[in-house]
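Each chain is listed here by its residues.
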Amino acid sequence: MRLINLTQLSAIELDECRNKHPKHALIEKVQTLGLPTRKSEAYRYVEVEPLLRETYEYAEFAPKPIVYGEKIIIEDGYVTTAPKGIRVYYSDFDDVNMNHYDPLYFLGHLLSPKVIMIEIDGDSDIELLHRFTKSNTLISYRIVIKNQTNRHASIYEYFESKNAQNSLILYGYDIMVTQDSTLGIIKNQTINDNAYNMVASHNVKVGKQASMMLKTFDFGDSSALQLLNIELDTHAMVDTGHLLYLLGHAKRGTVSKIVHKGEHTHSTQEAKNILDDGARGIFDALIKVEQSAKYTKTRQNSKAILLGEGSFMVAKPQLEIYIDELEASHGSTTGQLNNNQLFYLQSRGISKIEARKMLIIAFANTLIETIRDGRQQEKIQKSFEEAFYKKDLS
Amino acid sequence: MILDIKNLHAKIGDKEILKGLNLSLEKGKVHAIMGPNGAGKSTLSKAIVGHYDVEITAGDISYKGKSLLELSPEERALEGIFMSFQNPVEVPGVNNAYFLRTALNAKRIHDGKEELNAAQFLRLMREHLTALGMKPDMVSRSLNEGFSGGEKKRNEILQMLILEPDVIILDEIDSGLDIDALKAVSEGINQMKDEKRSFLVITHYSRILDYLKPDYIHVLKDGKILKTAGVDLVEKLESEGYDWIKDEL
Ligand SMILES: Nc1ncnc2c1ncn2[C@@H]1O[C@H](COP(=O)(O)OP(=O)(O)OP(=O)(O)O)[C@@H](O)[C@H]1O
Ligand SMILES: [Mg+2]
């Protein structure tokens, strides 16, 4: 199938859809927003259009039985294993956020007859492995996460692929962080050698007095994009952090929109970007403070270190504010490694190459160290160092 | 003679700061440099360690009989030159102990010795920490990050003690130190004194010199060493300042 064809339905076909198709509202959304082109706001800095023009294998929805395992494994869009104590099942979903800005969010829902529902009871740390094993295939799935009030849960996401070249993966979360709970999503994703193409589009609602932590660690030499839409209810809090270490010709990063809806909401967003070779990092992030969101606090920052001749950072932190009373700070810097620091290390006998490495790792560590679970922190550290030393060996 | 500076001219940006400076450091001796603000004292120490700010336009610095000018900063350090910075930079994310061990092992490899493992290194460091009155958590923190002025200076001395260099340049190591810290730091320095090492101590105050008992006092002014004398000179400088010192040539 070709995704581009979806937007080229005739008026008659559309009318027919409207009458028959249970998801005609989604089709209309995709049509009005239009599939991403080079001119689309959210997709200006990556080349998604060619991906949508490709012809992909596409299989009818055919879930497999779920067996017990240590972690949740989703293979080519279907759950294969899930741990005890967590309810993972397929379900209809009628809570699509019709205000989302991303057409691929709607497309993802359109292409997923059922969503993968993950219901977390109690306090837990869950590992979620996404595995891709099919090439030239359109793999599309949506995950819905529900947690419980007064509970703390974290999901650690990992990615694995084998023979998944030229596949397009559209996935994403719809998350409702329940009132008075905390939820963490920590993503660790290295993509090398164009192992697959991915656009991940998420929708998060943080309930009253709830808090969400979203940390993403994106490494490697290949392109991908994640899009976030996060809404904060009264006294809700979100803490987001994004680390990029890119090399080669990767174009990768985050497009995000955080909307403060309720009073006394807090958001922080910190992007750290290390760009080598001809890589392009993207941090295109809007914080919107609505009229109803008095006493908002928000802090947003992007720092980029350019290591390569052709490396480049697109940093667009933006604030859109409709109230007078708030605490807000935002900014972005792009530069090289700090010469003073480099010299200090060298003056103690550490070689320039080693000193550079120490400083780059240090820069990354300031975000990696925000992951409090020691074992998970180490895993991310390892992924980073593998991506980093790969450059060294080549 | 361990370090010999001859007719050194050096620029920072377009401005000539050192204008034909001559200075020789003797083995086993403590040399103190005093001089007005902006005279070029820090520039001189930066020139010796190869700081990127400083461009040498004429003259030479030789160390153990060989010119230093062709060596990179790290090579100079490995050869045994050490400078404590007037304002040590903060390096967030680089663990202090890890940094120290990396530096020490680089030196040990250069000297043909075995590297120290983490446990051996920790033992070595603990001894020094106690002697310097440093809290053990200082080494598990990021290098200099959030350290007070005095803590930064002690951390410089800790590095000196661990690296055991042959030429030690201390750029205002005494500024910002409280009385106890000054004593601890001075004792650290005195403990390093031996017949092979030499010290270049840059200071504005006599207090640290009371502890260190320098062999020579040099006055750096107008980009040159304009006067060299014994320790008695300090008292005169403290009472009369630097105005009376003129280029006698
Ligand atoms: N990076 C720099 N850029 C421009 N000028 C500089 C720079 N570093 C030093 N200078 C100038 O060089 C001159 C000498 O500075 P230096 O730091 O060597 O003085 P100093 O003798 O150490 O003074 P102090 O006693 O105040 O530490 C000063 O005029 C100073 O402003
Ligand atoms: Mg100075």
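Residues numbered from 1 in each chain as written. Chains lettered and ligands numbered in written order. Predicted model: local features only at pLDDT ≥ 70, side-chain atom pairs only at ≥ 80, totals over all residues. Heavy atoms only, no water.

S.K.: Before we move on, could you go through the overall build of chain B and cite the residues and values that matter?
M.R.: Within chain B, the regular secondary structure consists of 8 helices and 12 strands. Radius of gyration (C-alpha) of chain B: 18 Å, near the 18 Å computed for a compact globule of 249 residues. By principal-axis analysis of the C-alpha atoms, chain B measures approximately 55 × 40 × 35 Å. Here chain B holds 249 residues, and 53% of them are scored as buried. Restricting to contacts in chain B with at least 6 residues of sequence separation, those with at least 24 account for 66%. (Helix = DSSP H or I, 4+ residues; strand = E, 2+ residues; numbered from the N terminus. Rg over C-alpha atoms; globule rule 2.2 N^0.38 Å. Buried < 20%, exposed > 50% of the residue type's maximum accessible area, 1.4 Å probe, protein only. Contact = heavy atoms within 4.5 Å.)

S.K.: How would you explain the sheet that holds strand β4 (residues 86-91) of chain A if you had to name every residue and give the values?
M.R.: Residue and element names in this part refer to chain A. Strand order across the open sheet formed by 9 strands is β4-β5-β7-β9-β11-β13-β15-β17-β19, with mixed pairing between neighbours. Of all strands in the sheet, those bounded by a partner on one side alone are β4 and β19 (312-321). Each neighbouring strand pair of the sheet contributes to a mean axis angle of 10°, computed without reference to strand direction. (Pairing = 2+ DSSP bridges. Axes fitted to C-alpha atoms, helices over the stretch in contact; angles between N-to-C directions.)

S.K.: Please give an account of the pattern of salt bridges that cites residues and values.
M.R.: Inspection of the entire model under this criterion finds 32 salt bridges over all chains. As a salt-bridge pair, E240 of chain B and K236 of chain B come within 3.3 Å of each other at their nearest N and O atoms. With E240 of chain B and K236 of chain B both in helix α8 (residues 233-240), this residue pair falls 4 residues apart, about one helical turn. Owing to a relative accessible area of 34%, K236 of chain B belongs among the partly exposed residues under this scheme. Among the charged side chains, a network of salt bridges with common partners joins E41, R44 and D284 of chain A. (Salt bridge = Lys/Arg side-chain N within 4 Å of Asp/Glu carboxyl O.)

S.K.: Summarise the pairing of strand β7 (residues 138-146) of chain A; cite the residues concerned and give the values.
M.R.: Residue and element names in this part refer to chain A. For β7, a buried count of 8 out of 9 residues is recorded, marking the element as mostly surrounded by other parts of the structure. Of the strand pairs in this sheet, strand β5 (residues 115-120) and β7 are connected by 4 bridges, and their pairing is parallel. Bridging across to β7, M117 finds its partner in V144. Relative to strand β9 (residues 168-177), β7 runs parallel, the two sharing 9 bridges. Directly across from S140, in β9, lies its bridge partner L170.

S.K.: Summarise the side chain of Q269 of chain A; cite the residues concerned and give the values.
M.R.: If you trace the backbone, Q269 of chain A turns up in strand β16 (residues 266-275). Each residue touching Q269 of chain A, except ones within four places of it in the same chain, is listed here: T240, H242, S256, I258, F283, A285, I287, R299, Q300 and N301 of chain A.

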